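Structural description and commentary
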Amino acid sequence: MPVPTGSRLIDVVLPDLHSGWANRLVFGLELAAREHDLSISLTTAPVQPTELSAMVKTRRSRAVVAAMISMSTSDIESLRTAHVPHVVIDPTEPLAPGVPSITATNAEGCAEATEHLVALGHRRIGLIGNDEVLATREREQGFRAALAASGLTVPDALLSHTQISHAAAERAFERMMAAPEPPTAVVAVTDQMAIGVLVAARRLGISVPDDVSVVGFDDLPEADRSVPRLTTVHQPITDIAAEALRMVLEPPDEPPGFPIRCPTHLVVRDSSASPPISVPRPPRP
């Protein structure tokens, strides 16, 4: 049975709320929903296709906004069968053509961050990345493209794929700094990881940015409160949330190409500077 357009409930589905990005997104969705006199219902546990469809029908939800999850053909079909408008924010894997989705200009943003470091004079630039999520893979693509455009590559010792967490980023940075030729700058594909790098550098007695520059991605509120304040790529998380809600409330007559991409831009703060003459090595344990 179709969901009535008079329903005031929007279902929001996320894998968890462990990141600042997820919390910022929920905040943006709440603000956007309030403007439309709507409420959101948040689900963070993994949801199977049949469970999602049943949940939506039981709650009489007007629409579903899913974020950072993989939506299979059966997932999407269950929502279409229930006549529920839906959109996916930052899907973890590419979606089938025509499935409404929205993300940031991930590759372009990370390319801009890398170009900033190259312009400062850095030539040994490490990447602390994540290959489990489509958005972070796109950021790595932008990083590599910017290096290639400058005639540079990233050595294996300066490339790490790890979990999106402070602790994982700390360990990755420690390994990079122990390499025969450590980096003079590091790009982390999320602010959460970049702040982990700042913590590790402080513990190792490495000064940021005097010894090593650090750049993140997201521009979460904590990026402006870190020590030093983090240079990062701003993605408009609250704007993405508002646009996602608009997409399910006012579906276009002719669907645009998906994903819709919201523009990013670099925010230069205190964690990036010209490279040092020599890079300090962390003390051996």
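To be clear, the structure that these remarks concern was listed above.
A brief report on the enclosed structure follows.

About the criteria used
Residues numbered from 1 in each chain as written. Predicted model: local features only at pLDDT ≥ 70, side-chain atom pairs only at ≥ 80, totals over all residues. Heavy atoms only, no water. Core = buried A, V, L, I, M, F, W, Y, C linked by side-chain atoms within 4.5 Å. Buried < 20%, exposed > 50% of the residue type's maximum accessible area, 1.4 Å probe, protein only. Helix = DSSP H or I, 4+ residues; strand = E, 2+ residues; numbered from the N terminus. Contact = heavy atoms within 4.5 Å. Phe/Tyr/Trp six-rings, centres within 6.5 Å; stacked < 30°, edge-to-face > 60°. Lys NZ or Arg CZ within 6 Å of the ring centre and 35° of its normal. Pairing = 2+ DSSP bridges. Axes fitted to C-alpha atoms, helices over the stretch in contact; angles between N-to-C directions. Salt bridge = Lys/Arg side-chain N within 4 Å of Asp/Glu carboxyl O.

**Considerations on the nonpolar core**
Ranked by size, the top nonpolar core spans 41 residues in total, and within it I125, I128, F143 and F173 carry the most contacts. When contributions to this core are tallied by element, the ones reaching two or more residues are helix 4 (106-120), strand 6 (125-129), helix 5 (134-149), helix 6 (166-177), strand 8 (185-188), helix 7 (191-204) and strand 9 (213-218). Looking at this core element by element, the count peaks at eight residues for helix 7. With residues up to four places along the chain from it excluded, the contact list for F173 reads I128, V186, V197, A200, A201, L204, I206 and V212.

**Brief notes about the environment of V233**
Take V233: it is sitting in strand 10 (residues 231-234). In the structure, V233 is positioned 214 residues away from S19 in sequence and 17 Å away in space, judged by C-alpha atoms. Here V233 is in contact with G109, A113, G216, F217, D218, D219, T264, H265 and L266, once residues within four sequence places are set aside.

**Some details on the packing of aromatic side chains**
All chains considered together, the criterion is met by zero aromatic pairs. Stacked on the ring of F217, the Lys or Arg R139 has its end atom at 3.8 Å from the ring centre.

**Points about the sheet that holds strand 5 (residues 101-104)**
Sheet architecture is open: six strands sit in the order 2-1-3-4-5-11, paired in parallel fashion. Either end of the sheet is taken by a strand with one partner, and the two such strands are strand 2 (39-43) and strand 11 (260-262). Taken pair by pair, the neighbouring strands of this sheet meet at an average axis angle of 25°, ignoring direction. Its contacts with the sheet place helix 8 (residues 237-249) against strand 1 (9-13), strand 3 (63-67), strand 4 (86-89), strand 5 and strand 11, and it is angled at close to 165° to strand 5.

**Points about the pattern of salt bridges**
The tally for this structure, following the rule as stated, stands at twelve salt bridges. Note that R203 is salt-bridged to E170, the shortest N-O span being 2.8 Å. Of this pair, R203 sits in helix 7 while E170 sits in helix 6, placing them 33 residues apart in sequence. Residue R269 is joined to D219 by a salt bridge in which the shortest nitrogen-to-oxygen separation is 2.8 Å. Taken together, the residues span a long stretch of sequence, with R269 in the segment after strand 12 (265-267) and D219 in the loop between strand 9 and strand 10 at a distance of 50 residues. For the pair shown, R269 and D219 are each scored as buried.

**Describing the environment of E222**
Relative to the assigned elements, E222 resides in the loop between strand 9 and strand 10. Classification of E222 by relative accessible area gives partly exposed; the value is 29%. Not counting chain neighbours up to four residues away, the residues in contact with E222 comprise G20 and I195.

**A few points about the sheet that holds strand 12**
Pairing is mixed across the open sheet formed by six strands, whose spatial order is 7-6-8-9-10-12. One side of each edge strand has no neighbouring strand; the edge strands of this open sheet are strand 7 (159-161) and strand 12. With strand direction ignored, the average angle separating the axes of adjacent strands in the sheet is 20°. In this structure, strand 8 lies alongside strand 9, joined through three bridges in parallel fashion. Bridging from a neighbouring strand, A185 pairs with S213 of strand 9.

**Quick notes on the pairing of strand 9**
Counting buried positions along strand 9 yields six of six residues, so the element is predominantly enclosed. Of the two faces of strand 9, the one carrying S213, V215 and F217 and the one carrying V214, G216 and D218 are both buried. Relative to strand 10, strand 9 is paired through four bridges, and the arrangement is parallel. Bridging across to strand 10, G216 finds its partner in T232.

**Concerning the pairing of strand 10**
On a regular strand, each side chain points to the face opposite its neighbour's, so the side chains alternate between the two faces of the sheet. Taken together, the three bridges between strand 10 and strand 12 define a ladder with antiparallel strand orientation. Looking at strand 12, one finds that H234 is bridged to H265.

**A few points about unusual backbone geometry**
Residue P228 is bonded to the preceding V227 through a cis peptide linkage, with omega at -5°. Along the chain, F258 connects to P259 via a cis peptide bond; the corresponding omega equals 5°. Considering the arrangement of structural elements, one finds P259 in the loop between helix 8 and strand 11. Despite not being glycine, D37 has its phi angle at roughly 60°, a positive value. In this structure, D37 sits in the loop between helix 1 (20-35) and strand 2. Using a relative accessible area of 53% as the deciding quantity, one classes D37 as exposed. In this model, D219 sits at a positive phi of 60°, which is unusual for a non-glycine residue.

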